[in-house]
Structure formats: structure tokens, C-alpha cells
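Letter by letter, the chains look like this.
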Amino acid sequence: MTLPQWDDFWRSARVVSCPTDSTDAYTGNVRIVWEQFFAALPAAARILDVGTGNGALPLIAVDAALKRSVAFELHGVDLARIDPRRVVPDGQRRFGNTVFHSGVRAEAMPFADRYFHAAAGQYSLEYTQREAALHEIHRVMAEGAPARFVLHHASSIVVTTAHESLAHARELEEHATAFSDLREYVAAERTDPDLAARLHARIVERIAHLHRLLDQSKGSRLLADVLPALGKLFELRQRLPPREFSDAFERTYRAFKAAEQRLREMMDAAVVEPAMRLL
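Small disclaimer: the values here were computed from a predicted structure and weren't measured.

Things to note about unusual backbone geometry
Then, in step 1: Phi is positive for aspartate 90, which is not a glycine, with a value near 60°.
Then, in step 2: On the basis of relative accessible area, aspartate 90 is assigned to the partly exposed category, the value being 43%.
Then, in step 3: Despite not being glycine, arginine 114 shows a phi value in the positive range, around 55°.
Then, in step 4: Within the secondary structure, arginine 114 sits in the loop between strand 3 (99-102) and strand 4 (118-122).

Structural notes on the packing of helix 7 (residues 157-175) against helix 9 (residues 193-216)
Relative orientation and spacing of two packed helices are given, respectively, by the angle between their axes and the distance between those axes.
Then, in step 1: Between helix 7 and helix 9, the least distance of the axes is 11 Å, while the angle of their chain directions is 175°. With respect to each other, helix 7 and helix 9 are oriented roughly antiparallel. On the side of helix 7, the interface is formed by Glu164, His168, Glu171, Leu172 and His175, while helix 9 contributes Arg206, His209, Leu210, Leu213 and Gln216.
Then, in step 2: Across the contact of helix 7 with helix 9, the residue classes break down as 3 nonpolar, 4 polar and 3 charged.

Overview of the sheet that holds strand 1 (residues 46-50)
What links the strands of a sheet is backbone hydrogen bonding, and the strands pair in either a parallel or an antiparallel sense.
Then, in step 1: With parallel pairing, the 5 strands of this open sheet are ordered in space as 3-2-1-4-5. In this open sheet, the two edge strands, each paired with only one partner strand, are strand 3 and strand 5 (147-150). Averaged over all pairs of adjacent strands, the angle between strand axes in this sheet comes to 15°, irrespective of strand direction.
Then, in step 2: Inspection of the sheet shows strand 4 paired to strand 5 by 4 bridges, in the parallel sense. Bridge pairing in strand 5 places glutamine 122 opposite valine 150.
Then, in step 3: Against the sheet, helix 2 (residues 28-39) touches strand 1, strand 4 and strand 5, its axis set at about 170° to strand 4.

Cut-offs applied
- Residues numbered from 1 in each chain as written.
- Predicted model: local features only at pLDDT ≥ 70, side-chain atom pairs only at ≥ 80, totals over all residues.
- Heavy atoms only, no water.
- Buried < 20%, exposed > 50% of the residue type's maximum accessible area, 1.4 Å probe, protein only.
- Helix = DSSP H or I, 4+ residues; strand = E, 2+ residues; numbered from the N terminus.
- Axes fitted to C-alpha atoms, helices over the stretch in contact; angles between N-to-C directions.
- Parallel < 35°, antiparallel > 145°, perpendicular 65-115°, else oblique.
- Contact = heavy atoms within 4.5 Å.
- Nonpolar A, V, L, I, M, F, W, Y, C, P; charged D, E, K, R; others polar.
- Pairing = 2+ DSSP bridges.

So far we have only geometry, and geometry alone does not tell us how the molecule works.
Quick look at the structure:
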């Protein structure tokens, strides 16, 4: 994994990296699977969430505990630098007594042997050194404790959507050339009005093409995130001094490239059927 991309992603306050619908949380069948898992655990159970990110599973576990008027002891570990209580809206209240452990490898966790009554993970185990992580998870689990992990499967809709998102990323950068066109246009506005007019016409045409791709999308969020960001930059070019605009441009471009890198890593981590059976 490329940690800086994930550090930045979790600082954005998103709760999940692969939402199941337009809300930034797990819903539908994914949520039901986890609600059933947490509902079956005893009161005061100690639960380990491996690769917690911004705490999507602890949020479900806290809700499940409240419905039963019980309280779990929740621990979320992640290799990235995370701080869900601070960055997630209303995090101090929503996470209850969850303890988050930032910068912790699943292969070497700071817990006593047989400490946890359950272990869980959503899109996390496949990113680890699996054999070492499984040995460590086994070490910290009480005898007979249940564990549930949801992984990226190589033929899943999540991977299919990632393929589409990466195709959109190539289109955006190599064919529509949206970022390079915008940079060139802003420079030409100050020095060459005729060139700026031609670039503006080209940008309008290519952005319209990208919006058509977005309308035809079967689930990719990449263009849905990048196109508004490009529109914001187009507005900022008139309000910001050149240096500040350049900084804003670079931040937006880095965020786009980080999203592209996360998609590649997710596809690399996706598990095929024989490996799933082995796990």
C-alpha cells in the first residue's frame, strides 16, 4: 500500500472508501451482514476491527450495541495515520468508547494474547501480508471467538467499477487532457487572448464529453469527484493570485492521482477464487 494516499484520504472525513450507495456509509446488504454479526456478540464483548480506516464498522457496532442497551469495547487498528474521532463529523459522540490505534500493522498488534471476543474487517485483510496477519489475529482472539472479513473479490462489482474508474482517469488525463488544458488556459488568459479563446472552446467540448461519460457510468465515482473539482478551479482562477491558484491546482491534481493510485492498489489486492478458498 502507498500510505500517503490513504493518510490523505482518511483525513478527508470520508467514512468508507467503497460506498454501497450515494451515502458515505455502508448500507443495504453489506450493513445487514455486519448488523447480524454484531447482534450475535455478548454484551461487553471486546471487538477488533482490522484496517478500520475512519471507523465504518465501529459505527455499525455502536448502533447495534445501543439497540440492545449494551456496550462493546471496540478497537480499530490501521496502518495509515487515522483520527476518526476528530475528522468524522460528530465523531466524539458517534464512536462511543471506541479506541483507534493509528500506524499499527495487522501483522504486529499491541494487544495481549486472546484479548478479543470477535474480529472483523471490511476491505482490509487482502491488503496485509495475509499469512502473518492471520497468525496475529488468531493470537489476539479468545478461543472460539468469531471472525468475519469482507474482501475485494476479483470478479466483484467493486473491481468492475474500479476498472471503469481507471478508464475514466485515462480518458481525463490522456485524451480529454483536462488538467493540462486548464493550466495552459489560465496562463494564456494573461498573455495570449486568442490562444485562450481557442483553449476555452476546447475545454468546453472536452468537459461536455466527460459529463456524457459520467451520465453513462455504471457506478464510477471518479468523474463525479473530479469534474466538480475542476469546475471549482475554473472559478478560483479569477479570484486567486497566480501562486495561490497554482497551489490549489496542484492539490487538486495530487488528489486525483492519489485516487487513481488507490484504485490500482485495490485491484492488485483483489482476491481470486483459489486464494479466497485458501484464506
